[in-house]
Amino acid sequence: MASAITTLAADAPTLSAANTGFMLICSALVMLMTPGLAFFYGGMVRVKSSLNMLMMSFISLGIVTILWVLYGFSLAFGTDSGSLIGWNSDYVGLSGIGITELWDGYTIPVYVFAVFQLMFAVITPALISGALADRVKFSAWALFTALWVTVVYFPVAHWVWGAGGWLFEMGVIDFAGGTAVHINAGAAALGVILVIGKRVGFKKDPMRPHSLPLVMLGAGLLWFGWFGFNAGSWLGNDDGVGAVMFVNTQVATAAAMLAWLGYEKLRHGSFTTLGAASGAVAGLVAITPSGGSCSPLGAIAIGAIAGLLCAMAVGLKYKFGYDDSLDVVGVHLVGGVVGSLLVGLFATGGVQSDVAGLFYGGGLEQLGKQAIGVFSVLAYSLVASALLAFLLDKTIGMRVTEDDEVAGIDQVEHAETAYDFSGAGGGAASRNTAAVPSHSAASKKVDA
């Protein structure tokens, strides 16, 4: 018995300074994605809404951080209860965790795992905000964020990644958040916009991006931060899986961008900067759940498929009449579904696990598991988010007035404007022209 105890102690993980440092860097990279998302969304809206769009992302850094420390980490990653939710009193306020206490089975401290997962929780509700541009009260959005992460994100994160979570135990593969982050956010966005309705002038007025350079800056920051988002999700750097995920993240993103641009050229006749940025994000979304199970060639295929399908999907809002302002449904929901399902086809059985997809002799079993994960998260998030939006709309009201929306939500909600031209020369007409440049090629994609 003594020798067995000695052997177990010798085999137990010990704190790795290298992995700990690596994960802290990855956490910082994921944190950077939320400001990157703010720039990405902020450039895509009209000038009178750009500050509001920035703030809808930034406020998540404040609200979700506090809730995560108070109880979110415990709900998501505490001891399982009924395969639906977790709880651990030591995680409440992060008060019962030793500074060198290791996350179970890994060589990094619990604190490091907690802060890495915090950054995922922060960006997920921020993703939703892009669908609601121009028309939501900031106070209502802040309250929705607090309620949504509590009712939707924390439980879903436990289902997918928590020990004992029902999707985790079923064997659904989600390396870094195709279901828990992107499908979750995309379905939530659809649920909310079905409740709050369309923007004033939807399908009638031009609603072109006011600053494509900001969009490209945001896309670049997202691409950069996504290496931490994806490669860091293996929680270490000892066996090469994280390195494969890093490579797959790059190649899938490149393939998706090229596929989107190719579709755009054939469909609209131009290669646009907005298309390049949107295509890159679509690829990043799709490889997030699948990149730890496929080869680089598989990642190219996944990226190309996602880029093409997402480019096609963004036009559905005009056909079906739902006002997804910045294509959250078309990119994040569709991209997340595509990437999650394609695990069942492209998993090689030789990277993160020995699970093989259909194309590698694994049959349809994993595809079936992936479909259960995809559609259960989609349905729960869609319904729960719509109910939350409905309750808030009937109590405090979700939308600004029509007059305030037309005048500009930045001035109404924040008493600020993004650009101050009071010291610039020229008349009002020239200032307005400078503030809202014409991007004819990009507008074909936006207004199509």
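Residues numbered from 1 in each chain as written. Predicted model: local features only at pLDDT ≥ 70, side-chain atom pairs only at ≥ 80, totals over all residues. Heavy atoms only, no water.

This part covers the overall build of the protein chain. Counting its secondary structure elements, the protein chain contains 18 helices and two strands. Scaling as 2.2 N^0.38, a compact globule of 448 residues should have a C-alpha radius of gyration of about 22 Å, and the protein chain matches this with 22 Å. Among the 448 residues that make up the protein chain, the fraction classed as buried is 55%. Put simply, of all contacts in the protein chain between residues at least 6 apart along the chain, 77% involve residues at least 24 apart. If you sum the accessible surface of the protein chain, you get close to 17100 Å²; carbon and sulfur atoms cover 67% of it. Averaging the positions of the 19 positive and the 27 negative side-chain charges in the protein chain gives two centres separated by 18 Å. (Helix = DSSP H or I, 4+ residues; strand = E, 2+ residues; numbered from the N terminus. Rg over C-alpha atoms; globule rule 2.2 N^0.38 Å. Buried < 20%, exposed > 50% of the residue type's maximum accessible area, 1.4 Å probe, protein only. Contact = heavy atoms within 4.5 Å. Areas by Shrake-Rupley, 256 points an atom, 1.4 Å probe, with all protein chains shown as cover. Lys, Arg positive; Asp, Glu negative; His and termini not counted. Charge placed at Lys NZ, Arg CZ, Asp CG, Glu CD.)

The next thing to look at is the nonpolar core. Counting 109 residues, the largest nonpolar core has F40, F73, L132 and Y153 as its most contacted members. If near-sequence neighbours (up to four positions away) are discounted, L132 is found in contact with M56, W141, V192, I193, I196 and S325. (Core = buried A, V, L, I, M, F, W, Y, C linked by side-chain atoms within 4.5 Å.)

Attention now moves to the pattern of salt bridges. Going through the model one piece at a time under the given rule, you end up with seven salt bridges. Between D134 and R199 there is a salt bridge, with the nearest N and O atoms lying 3.4 Å from each other. Here D134, found in the loop between α4 (110-129) and α5 (138-161), pairs with R199, found in the loop between α7 (178-196) and α8 (212-231); they are 65 residues apart in sequence, far enough to count as distant. One exposure class covers both D134 and R199, and it is buried. In this structure, E365 and K369 form a salt bridge, with 3.5 Å as the shortest nitrogen-oxygen distance. (Salt bridge = Lys/Arg side-chain N within 4 Å of Asp/Glu carboxyl O.)

Helix packing geometry: the angle between the two helix axes and the distance between the axes. Orientation of helix α3 (residues 50-77) relative to α4, taken along the N-to-C sense of each, is 135°, at an axis distance of 7 Å. Taken together, the axis directions place α3 and α4 in an arrangement best described as oblique. In this structure, α3 crosses over α4, and the sense of that crossing is right-handed. Counting all contacts with α3, which are made through M53, M56, S57, S60, L61, V64, T65, W68, F73 and F77, the residues of α4 involved are V110, F113, A114, Q117, L118, A121, V122, P125, A126 and S129. (Axes fitted to C-alpha atoms, helices over the stretch in contact; angles between N-to-C directions. Parallel < 35°, antiparallel > 145°, perpendicular 65-115°, else oblique. Left-handed = near helix turned anticlockwise from the far one by under 90°.)

What follows covers helix α13 (residues 328-346). The end-to-end C-alpha distance of α13 is 25 Å, a good match for the 27 Å that 19 residues give at a rise of 1.5 Å each. Counting buried residues along α13, 17 of its 19 residues qualify, which places the element largely inside the surrounding structure. (Expected span 1.5 Å × (residues − 1).)

On to the state of the cysteines, then. With the rule as written, the count across this model stands at zero disulfides. For C310, which is in no disulfide, the shortest distance to another cysteine sulfur is to C294 and amounts to 16 Å. (Disulfide = S-S within 2.5 Å.)

This brings us to the confidence of the model for the protein chain. The pLDDT averaged across the protein chain works out to 92; a share of 92% of its residues lies at or above 70. This stretch, residues 427-448, has a pLDDT under 50; its non-local contacts, to residues over four places away or in other chains, come to 38 contacts. (pLDDT = per-residue confidence, 0-100.)

Right, let's talk about the packing of aromatic side chains for a bit. Taken as a whole and judged by the stated rule, the model has 25 aromatic pairs. On the numbers, 4.1 Å between centres and 10° between planes, the contact of W103 with F113 is stacked. You can see W103 sitting in the loop between β2 (85-87) and α4 and its partner F113 sitting in helix α4, a full 10 residues away along the chain. Seen from their ring centres, F175 and W234 are 5.7 Å apart, and the 10° between their planes marks the pair as stacked. Of this pair, F175 sits in the loop between α6 (166-170) and α7 while W234 sits in the loop between α8 and α9 (241-268); the two residues are 59 residues apart in sequence, bridging distant segments of the chain. Relative accessible area serves as the criterion here: at 25%, W234 is assigned to the partly exposed category. (Phe/Tyr/Trp six-rings, centres within 6.5 Å; stacked < 30°, edge-to-face > 60°.)

Turning our attention to the layout of surface pockets. In this structure, the largest pocket encloses a volume near 840 Å³. Only β1 (79-81), α4 and α5 provide two or more residues apiece to the lining of the largest pocket. When residues of the lining of the largest pocket are assigned to their parent elements, the largest contribution, five residues, is made by α4. (1 Å grid on protein atoms, 1.4 Å probe; cavity = no way out; pocket = protein on both sides within 12 Å on 5 of 7 lines; lining within 4 Å. Points joined across faces, edges and corners; volume = space filled by probe spheres on them.)

So, about empty space enclosed by the protein. On inspection of all chains with the given rule, the structure shows two cavities of 30 Å³ or more. Approximately 50 Å³ is the volume attributed to the largest cavity. Together, F40, Y41, M44, S278, L326, D327, V328, V331 and H332 line the largest cavity. Contributing elements (two or more residues each) for the lining of the largest cavity: α2 (17-44) and α13. Class assignment of the residues belonging to the lining of the largest cavity gives a composition of six nonpolar, two polar and one charged. Put simply, the second largest cavity is a space of about 30 Å³. Around the second largest cavity, the lining residues are M33, I123, L127, H182, L222, W226, F229 and H332. Of all the secondary-structure elements, those providing two or more residues to the lining of the second largest cavity are α4 and α8. Residue classes in the lining of the second largest cavity are distributed as six nonpolar, two polar and no charged. (Nonpolar A, V, L, I, M, F, W, Y, C, P; charged D, E, K, R; others polar.)

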